[in-house]
Amino acid sequence: FRIFMVAATVPGLLVNAALPLLARAGRDDHSRLAYGLQRIFEVSLILGVGTALGVFAGARFVVELITGPQFSEYAGAVTVLQVQGIALAASFMVAGSGYALLTLSRYRGLLAVNAMALAVSCALTLLLAQSNGAEGAAIATLCGETTLAVGCVLVLSIGNPDLRPRLARVPRIAISAVPAILLALTLDLPSIALTAVVLGSYALAIVLTRVMPAEIAELIPGRASRKAR
């Protein structure tokens, strides 16, 4: 859970850089705000899925790195971290829509969604941890983060239909993740090697499906230099 809490701060830090632009667009130009939020949604989904895949494949390596010679006593934490790694995909989705609600001063909706997610997480933790231990608590975390992500998008969409995320790129992102998921589940490799293979496969699929927004793709050094020539 400590590892999850550290990793879950990353989405907020990334989106925080765009907060001044979102605040200005929210005040003066809703079409610009909608455009920015759409790009944040797409990039967050790509990075969230990639992070989930990386943590799932590299969970054993991370736990071994932290526990050292005492790994055998904490081997059960690997499965727990894998489940919480999946929850990180939802954490990335929360960042964009959550900051959008802050930008629009939708405080009541944001508080309501957080309260609902907290209630889901607490209720499922009490229910599942008793029967499934740490794995049950990890599932509760996953359900709580998913509730928060979906709730933020719904609250944002209900009050501002023009800000509802368009899902045109979602199928291609899902297709890009399929080979990486199959590799993570079938290959018998050391954890660090498996992580490299899984993330490499996912990155290659993202490039081949051309799902990355053009604004991000243009920042790739090799592409930028070719475009300049």
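Scroll up for the structure.
Residues numbered from 1 in each chain as written. Predicted model: local features only at pLDDT ≥ 70, side-chain atom pairs only at ≥ 80, totals over all residues. Heavy atoms only, no water.

### Comments concerning the overall build of the chain
Filter applied, for reference: Each helix is a run of H or I in the DSSP string that is no shorter than four residues. Each strand is a run of E no shorter than two, and both are numbered from the N terminus. Within these notes, the globule rule equals 2.2 Å times the number of residues to the 0.38 power, and the radius of gyration is based on C-alpha atoms. Relative accessibility under 20% of the residue-type maximum defines a buried residue, over 50% an exposed one, and the middle range a partly exposed one, all with a 1.4 Å probe and only protein chains included. What sets the accessible areas is the Shrake-Rupley method with a 1.4 Å probe; for residues, cover comes only from the shown protein chains.
For the chain, the helix and strand inventory stands at 10 helices and zero strands. Listing the helices and strands of the chain from first to last along the sequence gives α-α-α-α-α-α-α-α-α-α. Computed over its C-alpha atoms, the radius of gyration of the chain comes to 19 Å, within 12% of the 17 Å expected for a compact globule of 229 residues. Taken along the three principal axes of its C-alpha coordinates, the chain extends 55 × 50 × 25 Å. Here the chain holds 229 residues, and 40% of them are scored as buried. Counting every atom, the chain has about 12800 Å² of accessible surface; 69% of that belongs to carbon and sulfur.

### Looking at a nonpolar patch on the surface
Put simply, the rule reads: Residues forming no salt bridge and having over 30% relative accessible area are the ones grouped into patches, like charges within 9 Å of each other and nonpolar side chains (Val, Leu, Ile, Met, Phe, Trp, Tyr) within 5 Å. Any Lys or Arg side-chain nitrogen located within 4 Å of an Asp or Glu carboxyl oxygen qualifies as a salt bridge.
A contiguous nonpolar surface patch, about 470 Å² in accessible area, is contributed by Ile3, Phe61, Leu65, Ile66 and Ile192. With respect to the element layout, Ile192 can be found in helix H8 (residues 191-209).

### With respect to the pattern of salt bridges
In this structure the tally under the stated criterion is three salt bridges. Measuring nitrogen to oxygen at the nearest pair gives 3.3 Å for the salt bridge that ties Glu42 to Arg39. Pair noted here: Glu42 and Arg39 are both in helix H4 (residues 30-67), with a separation of three residues, about one helical turn. The partner of Arg60 in a salt bridge is Glu64, with the nearest N and O atoms 3.2 Å apart. Within this pair, Arg60 and its partner Glu64 are both found in helix H4, separated by four residues, close to a single helical turn. Accessibility expressed as a relative area gives 41% for Arg60, which makes it partly exposed. On the basis of relative accessible area, Glu64 is assigned to the partly exposed category, the value being 31%. Where salt bridges share partners, they join Arg39, Glu42 and Arg169 into one cluster.

### Overview of the state of the cysteines
Rules: Any two cysteine sulfur atoms within 2.5 Å of one another count as a disulfide.
If you walk through the whole model with that rule in mind, you get zero disulfides. Not engaged in a disulfide, the cysteine Cys122 finds its nearest cysteine sulfur in Cys143; these two sulfurs lie 13 Å apart. The thiol of Cys152 is unpaired, and the distance to the nearest cysteine sulfur, on Cys143, comes to 16 Å.

### A few points about the packing of helix H5 (residues 77-103) against helix H6 (residues 107-159)
The following threshold applies: Axes here refer to lines fitted to C-alpha atoms; in helices the fit is confined to the stretch in contact. Angles between the N-to-C directions go from 0 to 180 degrees. Oblique is the label for every angle not falling under 35 degrees (roughly parallel), over 145 degrees (roughly antiparallel), or within 65 to 115 degrees (roughly perpendicular). If you view the pair so one helix is near and one far, a crossing is left-handed when the near helix is turned anticlockwise from the far one by less than a right angle, and right-handed when it is turned clockwise. Note on residue categories: nonpolar means Ala, Val, Leu, Ile, Met, Phe, Trp, Tyr, Cys or Pro, charged means Asp, Glu, Lys or Arg, and polar means any other residue, Gly included.
Relative to each other, H5 and H6 sit at 15 degrees, their axes nearing to 9 Å. The orientation of H5 with respect to H6, classified from their angle, is roughly parallel. Regarding H5 and H6, the two cross each other, and that crossing is left-handed. Here the contact of H5 with H6 is composed, by residue class, of 22 nonpolar, seven polar and two charged.

### Considerations on the environment of Leu118
Summarising the element assignment, Leu118 is placed in helix H6. Residue classification places Leu118 among the exposed residues on the basis of a relative accessible area of 53%. C-alpha of Leu118 to C-alpha of Thr141: the two residues are 23 residues apart in sequence and 9.4 Å apart in space.

### Quick notes on the environment of Ala129
Our working definition: Any two residues having at least one pair of non-hydrogen atoms within 4.5 Å are treated as being in contact.
Examined against the element boundaries, Ala129 turns out to sit in helix H6. The exposure class of Ala129 is partly exposed, given its relative accessible area of 28%. For the pair Ala129 and Leu187, spaced 58 residues apart in sequence, the C-alpha separation works out to 30 Å. With residues up to four places along the chain from it excluded, the contact list for Ala129 reads Leu124, Gly136 and Ala137.

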